[in-house]
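Summary of structural features
The chain contents come next:
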Amino acid sequence: MSVTPCGFTRTPDQGLARLRWSGAGWASDARPPEAPQAPPASTRTQPPDIAALRPLRGLEVDWPDGPVALDDVLRLAAAGVPLTAAHAPAWVPADLAALLTDRSWLAHEPDGTVRCLADLRREEHSVRLRRLAHRPAATPSVSVVMATKRPELVHGALAQIARQRGAEVEVVLGLHGVPYESVRRAVEDLPLPVAWKEMPAEVPFGTVLNEAAALAGGHHLAKWDDDDWYGPDHLADLVMALTYSGADVTGTSGEFFYLEPLRATIRRSAFASGAAYRSEVWSDHVAGGTILVSREDFRRIGGFPAQPRAVDRDFLKAATEAGASTYRTHGLGYVLRRGLSGAHTWQLPLAHFLKVATSQWHGFRPSLLMEHGTNAQVEAA
């Protein structure tokens, strides 16, 4: 059974435990839950020893006197178990040592009003460890598929695509009632391959996406929304999740929203409105602006439905009906923009997002994984 972050617990109910070298291998002194409960069906894919560590805030590493094998430490990192150490011996690889000794995520105690922030910092640390442990042997190729009818947003969207790391990226644009001349400057400024196709405004949105996807040459297709925000490791994280899960389709959870009219950022509860929005689970739902699928599976599923709205939802439904599996990874590298409901194909009132929020901040306050210039303000929220 492979080790993955599947089943990661956002809010642990135990503190730190110790991870020690026993002479024969690494072992923790974590106590088992007093009343163990069966994990959700969507997470029952982990070895028992990993499942037993999920309630922990993390593991503190106690180093032996001399060099030992680190395979089990990397195995825990691959599972997303938060690991930390007060120091790291010289024989520990520098990249692993840097992550283990970065204890900034422990600065917030998981109690009182800062519980949500402590949990967020812990999850960010977990994601960094996952990236190290699941580092790919080869750079994946990804075609970013974006349909737009708002030329004023294209420059910002392309700039975010240009800063993607860990992937060989090309862009395919579906210009939906938009002449190429209105986006030419933005396209010419992009240091990546770009292909585009102009289509009339009356063509259904799903058809525009499909016509753009037909120009793609990458192994994977990634849907991109022109008005949302994406962290620099967004594509690499999606490919990583697709690889370690073995799924056919992946995407993120829709957790962070910027409510533009209110100038506020919210993080949605993992169990908002009775529906699960957990990450690192098998699910038939992911955030529509983050769908990633191989070109081969995209064709097998039949592409996006040729309709003006709900193309993401119905694509995922068609994927399930075609026997494709879908895995939902973390949503810390993605922020959805929401204005007045009439401005989006997904129409929900702003009050809905406030109702399901577990955290609220004034201004634009994404996860630190977004590497946005205003992230420092989150610490003061």
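The name an unreviewed UniProt entry gives the protein chain is Family 2 glycosyl transferase, with Nonomuraea montanisoli as the organism.

Brief notes about the overall build of the protein chain
Helix and strand counts for the protein chain stand at 12 helices and 17 strands. Counting only contacts in the protein chain whose residues sit at least 6 apart along the sequence, the fraction spanning at least 24 positions is 76%.

A short note on the pairing of strand β5 (residues 141-148)
For β5, the buried fraction is high: 7 of the 8 residues fall into the buried class. Taken together, β5, helix α5 (residues 151-162) and strand β6 (residues 168-176) constitute a β-α-β crossover, and its handedness is right-handed. Pairing geometry for β5 and strand β8 (residues 220-223), over 4 bridges, is parallel. Its bridge partner lying in β8, Val145 is registered against Lys223.

With respect to the environment of Pro366
Locating Pro366 in the fold gives a position in the loop between β17 (357-362) and α12 (376-379). As a C-alpha pair, Pro366 and Leu332 span 34 residues in sequence and 7.8 Å in three-dimensional space.

Quick notes on the packing of aromatic side chains
Within the structure shown, the criterion is met by 15 aromatic pairs. Ring plane angle 0° and centroid distance 3.9 Å describe the contact between Tyr180 and Trp196, whose orientation is recorded as stacked. Taken together, the residues Tyr180 in the loop between β6 and α6 (184-189) and Trp196 in strand β7 (residues 194-199) connect sequence positions 16 residues apart. A relative accessible area of 8% means that Tyr180 is categorised as buried. For Trp196, a relative accessible area of 35% gives the class partly exposed. Note on Tyr244 and Tyr327: the rings are 6.0 Å apart at their centroids and 85° apart in plane angle, and the pair reads as edge-to-face. On the criterion of sequence distance, the pair formed by Tyr244 in helix α8 (residues 234-245) and Tyr327 in strand β15 (residues 326-329) is long-range, its members being 83 residues apart. Like Tyr327, Tyr244 is buried. Grouped by ring-pair contacts, the aromatic residues Trp21, Trp26, Trp63 and Trp91 constitute a single cluster.

Here's the deal with the pairing of β8
Every second residue of β8 is oriented toward a common face, with His220 and Ala222 on one face and Leu221 and Lys223 on the other, all of them buried. Of the pairings in the sheet, the one linking β8 to strand β14 (residues 292-294) comprises 3 bridges and is antiparallel in character. Bridging across to β14, Leu221 finds its partner in Val293.

Side note on the sheet that holds strand β4 (residues 83-84)
Strand order across the open sheet formed by 4 strands is β2-β1-β3-β4, with mixed pairing between neighbours. What marks the edges here is a single partner per strand, and that holds for β2 (26-28) and β4. Taken together, the 2 bridges between strand β3 (residues 58-62) and β4 define a ladder with parallel strand orientation. Residue pairing across strands places Leu59 opposite Leu83, the latter belonging to β4.

Re the pattern of salt bridges
Between side chains of opposite charge, pairing is possible as soon as their charged atoms come close. In total, this model carries 28 salt bridges according to the counting rule given. Asp95 serves as the salt-bridge partner of Arg135, at 3.2 Å between the closest nitrogen and oxygen. Of this pair, Arg135 sits in the loop between α4 (115-133) and β5 while Asp95 sits in helix α3 (residues 94-101), placing them 40 residues apart in sequence. A relative accessible area of 52% places Arg135 in the exposed class.

Re the sheet that holds β15
Ordered by their spatial adjacency, 8 strands build an open sheet running β7-β6-β5-β8-β14-β10-β15-β13, and the pairing between neighbours is mixed. Since the sheet does not close on itself, it has two edges, and those belong to β7 and β13 (281-282), each with one partner. Here β13 runs beside β15; their pairing, made up of 2 bridges, is antiparallel. In the sheet register, Trp282 faces β15, and the bridge partner there is Tyr327.

Things to note about unusual backbone geometry
Phi angles above zero are rare outside glycine, and Ala310 is one such case at about 60°. The topology assignment puts Ala310 in the loop between α9 (295-301) and α10 (311-321). Phi at Glu371 is positive, roughly 55°, even though this residue is not glycine.

Focus: the environment of Thr9
Note that Thr9 resides in the segment before β1 (16-21). Note: C-alpha distance between Thr9 and Gly80 (71 residues apart in sequence) is 9.5 Å. In this structure, Thr9 is in contact with Arg54 and Arg122, ignoring residues within four places of it in sequence.

Some points on helix α2 (residues 71-78)
If you check which residues of α2 are buried, you get Val73, Leu76, Ala77 and Ala78. Just beyond α2, the residue with positive phi is Gly80, at close to 80°.

Brief notes about the nonpolar core
Grouped together as the largest cluster of nonpolar side chains are 40 residues, with contacts concentrated most on Val142, Leu158, Ile161, Val183, Trp224, Leu235 and Leu292. Of all the secondary structure elements, the ones that give two or more residues to this core are β5, α5, β6, α6, α8, β11 (256-259) and β16 (334-338). Element by element, the count of residues in this core is highest for α8, at 7 residues. Contacts of Leu235, omitting those with residues within four sequence positions, involve Val142, Val144, Gln164, Val169, Ala222 and Trp224.

Here is what the cut-offs are and how they apply
- Residues numbered from 1 in each chain as written.
- Predicted model: local features only at pLDDT ≥ 70, side-chain atom pairs only at ≥ 80, totals over all residues.
- Heavy atoms only, no water.
- Helix = DSSP H or I, 4+ residues; strand = E, 2+ residues; numbered from the N terminus.
- Contact = heavy atoms within 4.5 Å.
- Buried < 20%, exposed > 50% of the residue type's maximum accessible area, 1.4 Å probe, protein only.
- Right-handed = clockwise from strand over helix to strand, strands pointing away.
- Pairing = 2+ DSSP bridges.
- Phe/Tyr/Trp six-rings, centres within 6.5 Å; stacked < 30°, edge-to-face > 60°.
- Salt bridge = Lys/Arg side-chain N within 4 Å of Asp/Glu carboxyl O.
- Core = buried A, V, L, I, M, F, W, Y, C linked by side-chain atoms within 4.5 Å.

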